[in-house]
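Working through the structure, step by step
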Amino acid sequence: QIESTNTSRKLSPSPTTQQATNQTVVQTANREIFIPMGAGQSNSGTFADVAGTEIAIDTTKYAPIDYVVFEASVWVDGGNGRAWAQIKNVNDNNPLIESQISNPTSTATSKTSGHIPIPSGAKTYIVQAKTDMTDFAAHIGNARLKIVLK
């Protein structure tokens, strides 16, 4: 945390009168890191990788992590069925079920997962999506991981 005090002078209409005021400015270090993953769609009835959404994260290069969440806009064509999205750890072929988000409407709606257990070290992650009704695609937009530092 950085603290600084600025003194500024306010001039009134009369040039002989001056008023001094003190302001304290408090700045905190950035605790939130957003890692964009992209967008895509799927007509699969089971979770399938969404091309172009793969990212690599090395948790050892960050200050201690408090938690990680998955955020994305999710919608299904025509509001038919439900669109689902989740993150998969590609290295371990492990879907992170805590990251699952869904939406039953045709309106792109921003969703946030619960806290995701991210393993330590360098790993690759990808967005997966599925739809309840394969005739109606599940859409994922603005997918990203949010890392919150302690």
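This is a predicted model, so every value here is computed, not measured.

Our next topic: the overall build of the protein chain. When its secondary structure is counted, the protein chain shows zero helices and 11 strands. Along the chain direction, N to C, the helices and strands of the protein chain fall in the order β-β-β-β-β-β-β-β-β-β-β. For the protein chain, the proportion of its 150 residues judged to be buried stands at 33%. In the protein chain, the proportion of contacts linking residues at least 24 apart, taken out of those at least 6 apart, comes to 72%. Surface accessibility of the protein chain: about 8,600 Å² in total, with carbon and sulfur atoms responsible for 47%.

In sheet architecture, strand pairing relies on hydrogen bonds along the backbone and comes in two forms, parallel and antiparallel. Pairing is antiparallel in the open sheet, where four strands are placed in the order β3-β11-β6-β9. The strands lining the two open edges of the sheet, one partner per strand, are β3 (32-42) and β9 (109-112). Averaged over all neighbouring strand pairs, the angle between strand axes comes to 20 degrees, with direction disregarded. Across nine bridges, β3 lies against strand β11 (residues 138-149) in antiparallel orientation. Counterpart to Ile35 in the pairing with β11 is Leu145.

Attention now goes to the packing of aromatic side chains. This structure, assessed with the given rule, holds zero aromatic pairs. In this arrangement the basic side chain of Lys130 is found over the ring face of Trp84, its NZ or CZ atom lying 5.4 Å from the centre.

Relative to the elements of secondary structure, Ala39 occurs in strand β3. Owing to a relative accessible area of 48%, Ala39 belongs among the partly exposed residues under this scheme. Counting along the chain gives 12 residues from Ala39 to Ala51, while the straight-line C-alpha distance between them is 8.6 Å. In this view, Ala39 contacts Val50, Ala51, Thr53, Ile140, Gly141 and Asn142; residues no more than four positions away in its chain are not counted.

The subject of this paragraph is the side chain of Lys88. Examined against the element boundaries, Lys88 turns out to sit in strand β7 (residues 83-89). At 3.5 Å, the side chain of Lys88 and the side chain of Asn93 are in polar contact.

Glancing now at the confidence of the model for the protein chain. Per-chain confidence: the protein chain averages 87 in pLDDT, with 81% of residues scoring 70 or above. Note on residues 1-18: pLDDT is under 50 here. Beyond four places in sequence and across chains, it has 31 contacts.

Here the focus is the pairing of β11. For β11, the tally of buried residues reaches 10 of 12 residues, placing the bulk of the element in the interior. Pairing of strand β6 (residues 65-76) with β11, which is carried by 10 bridges, proceeds in the antiparallel orientation. When the sheet's bridge partners are listed, Val74 is paired in β11 with Ile140.

Let's shift gears to the nonpolar core. In globular proteins that are soluble, nonpolar side chains generally tend to be buried together. Membership of the largest hydrophobic core comes to 25 residues, with the highest contact counts inside it found for Met37, Phe70, Ile87, Val127, Ile140 and Leu145. If you list the elements that add at least two residues to this core, you get β3, β5 (55-58), β6, β7, β8 (94-103), β10 (122-131) and β11. Top element by residues in this core is β11. It accounts for six residues.

With that out of the way, let us pick up unusual backbone geometry. Among all residues save glycine, negative phi is the norm, and among peptide bonds the norm is trans. Phi is positive for Asn93, close to 50 degrees, though the residue is something other than glycine. Along the polypeptide, Asn93 turns up in the loop between β7 and β8. Looking at Asn93, the relative accessible area reads 55%, which means it is exposed.

On to the environment of Leu149, then. As for its position among the elements, Leu149 is in strand β11. According to the relative accessible area criterion, Leu149 is buried, its value standing at 10%. Taking the C-alpha atoms as reference points, Leu149 and Glu32, 117 residues apart in sequence, are found 6.4 Å from one another.

Rules behind the numbers
Residues numbered from 1 in each chain as written. Predicted model: local features only at pLDDT ≥ 70, side-chain atom pairs only at ≥ 80, totals over all residues. Heavy atoms only, no water. Helix = DSSP H or I, 4+ residues; strand = E, 2+ residues; numbered from the N terminus. Buried < 20%, exposed > 50% of the residue type's maximum accessible area, 1.4 Å probe, protein only. Contact = heavy atoms within 4.5 Å. Areas by Shrake-Rupley, 256 points an atom, 1.4 Å probe, with all protein chains shown as cover. Pairing = 2+ DSSP bridges. Axes fitted to C-alpha atoms, helices over the stretch in contact; angles between N-to-C directions. Phe/Tyr/Trp six-rings, centres within 6.5 Å; stacked < 30°, edge-to-face > 60°. Lys NZ or Arg CZ within 6 Å of the ring centre and 35° of its normal. Polar contact = N/O pair within 3.5 Å; in protein donor to acceptor, adjacent residues only side chain to side chain. pLDDT = per-residue confidence, 0-100. Core = buried A, V, L, I, M, F, W, Y, C linked by side-chain atoms within 4.5 Å.

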